[in-house]
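Residue strings, one per chain:
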Number of protein chains: 2
Amino acid sequence: MDRTEVDRCDCNVIHKDIVDAVKGKMPSEENLYDLAELFKVFGDSTRIKILWALAESEMCVCDIAALLNMTQSAISHQLRVLKQARLVKNRKEGKVVYYSLDDDHVKQIFSQGLSHISE
Amino acid sequence: MDRTEVDRCDCNVIHKDIVDAVKGKMPSEENLYDLAELFKVFGDSTRIKILWALAESEMCVCDIAALLNMTQSAISHQLRVLKQARLVKNRKEGKVVYYSLDDDHVKQIFSQGLSHISE
DNA sequence: TGAATAATTGAACAATTGTTCATATATTCA
DNA sequence: TGAATATATGAACAATTGTTCAATTATTCA
């Protein structure tokens, strides 16, 4: 590891080569941060439900609100988060805004997650 | 949708069949909650870094701390979270506790996440 | 135009989270 | 045994988060 950092225990000396090798293989700080930000979006059951619903069918805001038995406002706030993460897209038809999935990976990420849970 | 719930806009009437169909296909409330809890664990860059490091090599607590330039305590707290989520396991060798990945899906979930980010 | 509808937005609030600090536990070895 | 080391833990703190409420915007249609 960098000589600018303090060795905090003997392991750091003994395992120096292993730690150095791992450090060399780690993705960039930025990529790891973005990855965490993405999973943070999946880490809320309201958003998970919205994504799951949209995986079945395009829906408007008030339909999602009715489906999840929550307020339109709460759903709208969460749809904003999902859109910023480029996980959903929308189209406007008169007063009504229809949302749908904007990513092929969502279903696959869900599938891996479910596999882990049901182990 | 349930007649016990209030229709909050005309869409709920117009789209009734679609919403009903989606409702019928949704996984259980419990599964969706567990899925969100799992992704919540992935939704922190410290934990992402730890998982990524362990995907390369088994490591002890103080090595991870040195690698990420964080305190031993902070790492230990996060390893606890990861262990509760059954994402890492550990073995003790004297004073030293070695942690490693405990799940085959981690790398695949990462891979899907990265695909989305680099779109 | 003006009332009604669908959606968005911003502020506020409680609840949750990640780190730090101090302390406790477990193990080695002189 | 007692000092040193590696890890774990609990309390406390600031920071972040999700929902609610009230108000605003955009659109339809009578």
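Predicted model only: the values in this text are computed from it and were never measured.

How each quantity is defined
- Residues numbered from 1 in each chain as written.
- Chains lettered and ligands numbered in written order.
- Predicted model: local features only at pLDDT ≥ 70, side-chain atom pairs only at ≥ 80, totals over all residues.
- Heavy atoms only, no water.
- Salt bridge = Lys/Arg side-chain N within 4 Å of Asp/Glu carboxyl O.
- Helix = DSSP H or I, 4+ residues; strand = E, 2+ residues; numbered from the N terminus.
- Buried < 20%, exposed > 50% of the residue type's maximum accessible area, 1.4 Å probe, protein only.
- Expected span 1.5 Å × (residues − 1).
- Arc of directions from axis to C-beta.
- Contact = heavy atoms within 4.5 Å.
- Least-squares fit on C-alpha atoms with pLDDT ≥ 70 in both.
- Axes fitted to C-alpha atoms, helices over the stretch in contact; angles between N-to-C directions.
- Parallel < 35°, antiparallel > 145°, perpendicular 65-115°, else oblique.
- Left-handed = near helix turned anticlockwise from the far one by under 90°.
- Nonpolar A, V, L, I, M, F, W, Y, C, P; charged D, E, K, R; others polar.
- Pairing = 2+ DSSP bridges.
- Core = buried A, V, L, I, M, F, W, Y, C linked by side-chain atoms within 4.5 Å.
- Domains from an automatic or database assignment.

## With respect to the pattern of salt bridges
- Under the criterion given, the structure shown has 12 salt bridges over all chains.
- The salt bridge partner of E56(B) is K25(A), with a shortest N-O separation of 3.6 Å. You can see E56(B) sitting in helix α4 (residues 45-56) and its partner K25(A) sitting in helix α2 (residues 16-25), one on each of two chains.
- What makes E56(B) partly exposed here is its relative accessible area of 34%.
- Residue classification places K25(A) among the exposed positions, given a relative accessible area of 54%.
- When the shortest N-O distance is used, the salt bridge between K40(B) and E37(B) registers 3.1 Å.

## Some words on helix α7 (residues 105-117) of chain B
- Its 13 residues place the ends of α7(B) 18 Å apart at the C-alpha level, agreeing with the 18 Å of an ideal helix rising 1.5 Å per residue.
- Every buried residue belonging to α7(B) is among H105(B), V106(B), I109(B), F110(B), Q112(B), G113(B), H116(B) and I117(B), and all of these are buried. Mapping the buried residues of α7(B) onto a view down its axis gives an arc of 165 degrees, with all of them on the same face.
- Taken together, the buried residues of α7(B) touch α3 (29-42) and α7 (105-117) of chain A together with α3 (29-42), α4 and β3 (96-101) of chain B.

## Thoughts on the relation of the copies chain B and chain A
- Placing chain B over chain A gives an RMSD of 0.0 Å and needs a rotation angle of 180 degrees, together with 0.0 Å of translation along the axis. Such values leave the two copies arranged in the relation of a two-fold axis.
- Of all interface residues in chain B, 100% are interface residues in chain A too; the two copies therefore contact each other through one and the same surface.

## Regarding the packing of helix α5 (residues 61-68) of chain A against helix α6 (residues 72-84) of chain A
All names here are of chain A.
- One way to put it is that α5 packs onto α6 with a least axis distance of 9 Å and a crossing angle of 115 degrees. In this view, α5 runs roughly perpendicular relative to α6, as classed from their interaxial angle. Classified by chirality, the crossing of α6 by α5 is right-handed. Contacts from V61, C62, I64, A65 and L68 of α5 reach α6 at Q72, I75, S76 and L79.
- Residue composition of the contact of α5 with α6, by class: seven nonpolar, two polar and no charged.

## Here we look at the sheet that holds strand β1 (residues 59-60) of chain A
Residues and elements named next belong to chain A.
- A sheet is described by the order of its strands in space; here three strands give the open sequence β1-β3-β2, paired in antiparallel fashion. A strand with exactly one partner marks an edge of an open sheet, and here the two such strands are β1 and β2 (88-93).
- Here β2 runs beside strand β3 (residues 96-101); their pairing, made up of six bridges, is antiparallel. Bridging from a neighbouring strand, N90 pairs with Y99 of β3.

## Regarding the nonpolar core
- With 67 residues, the main nonpolar core has F39(A), F42(A), F39(B) and F42(B) as its most contacted residues.
- Two domains share this core, each providing at least three of its residues, namely domain 1 (8-42) and domain 2 (44-119) of chain A.
- Beyond its immediate chain neighbours, meaning those up to four positions away, F42(A) contacts I48(A), L51(A), L87(A), V106(A), I109(A), F110(A), A36(B) and F39(B).
- C60(A), C62(A), V96(A) and C11(B) belong to the second-largest nonpolar core, a separate cluster that totals six residues.

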